[in-house]
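A structural walkthrough
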Amino acid sequence: MLAPMARVVVSSVLAVDLGPLLPAGTAVIAPGRGSYSRAELLATLAEADALICLLTDRVDSELLAHAPRLRVVANHAVGVDNIDLEACARRGVMVANTPDVLTDATADLTFALLLAAARRLGEGERLVRSGAWRGWEPTQLLGVPVSGQTLGLVGLGRIGAAVARRARGFDMPICYAAPRPVEGAHELGARHVPLDELLAGSDFVSLHGPLTPETRGLIGARELARMKSTAVLINTARGACVDEDALADALTAGRLFAAGLDVFAAEPALSPRLVACDRAVLLPHLGSATHRARARMAELCAAAVTDVLAGRSPTHRVGP
Ligand code: DGY
């Protein structure tokens, strides 16, 4: 008897066609364009052996109950806060993510945001486009310097370390906060310090850790109050690591120079108070948005599914 055809559900159109990357004979179930809604996704899962999903798909007990044959979830992201890892483990569903391939893209974007926020590029662009610009002025849109200023990295994993390498080109002294000293930090010139010391001593604070119960709301009113009024906060990690109301308070009161945010607590919903802050540079979660990174993320998802369908553990397996 022929083995039944494996069925792979892909919750969204990805940057590359997955068909040729999956084992011959695999049935790929995917939307014609855009992404499946939650209801559509649940409705496709009854026969699915594998799911390739986005960080915007919640993989929880409800979803798993709709997918009795599911063996693997390949998350098209490095962050896995959208996935209930315990529930997957209980059901024997393996989970994989896409590290490394998006590190440079995300570190580049972090630096773009850092420069944009420090030098007020958002305000400058809006001024030019508005037609209200009357020409060069000695005191127009003055920013804060970047070169030689202290960078504080909250988290020194792959992306944090890649940001540190870029910061060295700007002669920035670097410190980092992490639960324990990170191997290789010394070669990056990064000094391990307690979070409070980092907040008080940094000109730029950039967040680079996963969203976990411990990091949810990590930067709130108390932490923002410790930062210099000339400092800039950058977040390309997860929006919920920052208390957005407290950040809006600090920016509105001039207790923080600027913020560069690529991620938001309830994407795509935005805090109207943050939108109203001129000094906040806001991007639509573009960290990994290069053709190369997105193609490689899709390839890693296909590789993880191929591994599990062949009875192997995926290279980038994540567990509870
Ligand atoms: C990730 O991979 O977690 C990013 O946020 C997606 O760009």
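As the structure is a prediction and not an experimental result, all values here were calculated from the model.

What counts and what doesn't
Residues numbered from 1 in each chain as written. Predicted model: local features only at pLDDT ≥ 70, side-chain atom pairs only at ≥ 80, totals over all residues. Heavy atoms only, no water. Near = heavy atom within 4 Å. Polar contact = N/O pair within 3.5 Å; in protein donor to acceptor, adjacent residues only side chain to side chain. Areas by Shrake-Rupley, 256 points an atom, 1.4 Å probe, with all protein chains shown as cover. Nonpolar A, V, L, I, M, F, W, Y, C, P; charged D, E, K, R; others polar. Domains from an automatic or database assignment. Contact = heavy atoms within 4.5 Å. Buried area = accessible area lost by both parts, 1.4 Å probe. Helix = DSSP H or I, 4+ residues; strand = E, 2+ residues; numbered from the N terminus. Buried < 20%, exposed > 50% of the residue type's maximum accessible area, 1.4 Å probe, protein only.

Close to the ligand lie Leu55, Ala77, Val78, Gly79, Leu102, Arg238, His285 and Ser288, which account for all nearby residues. The separation between an oxygen atom of the ligand and a polar side-chain atom of His285 is 2.7 Å. At a separation of 2.7 Å, an oxygen atom of the ligand approaches a polar side-chain atom of Ser288. Coverage of the ligand by the protein chains reaches 92% of its 230 Å² of free accessible surface. Residues of the shell around the ligand, tallied by class, amount to four nonpolar, three polar and one charged.

Here we come to the domain arrangement of the protein. Entries for the protein in the domain assignment read domain 1 (7–101 + 291–309) and domain 2 (103–282). Averaged C-alpha coordinates put domain 1 and domain 2 at centres separated by 32 Å. If you look at the interface, domain 1 gives eight residues, while domain 2 gives five residues. When domain 1 packs against domain 2, the two sides together hide about 580 Å² of surface, and 47% of this comes from carbon and sulfur. Ranking the residues of domain 1 by area buried against domain 2 places Leu55, Asp81 and Asp100 at the top, with a combined share of 62%.

Time to look at unusual backbone geometry. A cis amide bond, omega 0 degrees, links Glu267 with the succeeding residue Pro268. Along the chain, the position of Pro268 falls in the loop between strand S11 (258–261) and helix H10 (272–275). Look at His285: it is not a glycine, yet its phi comes out positive at around 50 degrees. Examined against the element boundaries, His285 turns out to sit in the loop between strand S12 (280–282) and helix H11 (291–309). Using a relative accessible area of 19% as the deciding quantity, one classes His285 as buried.

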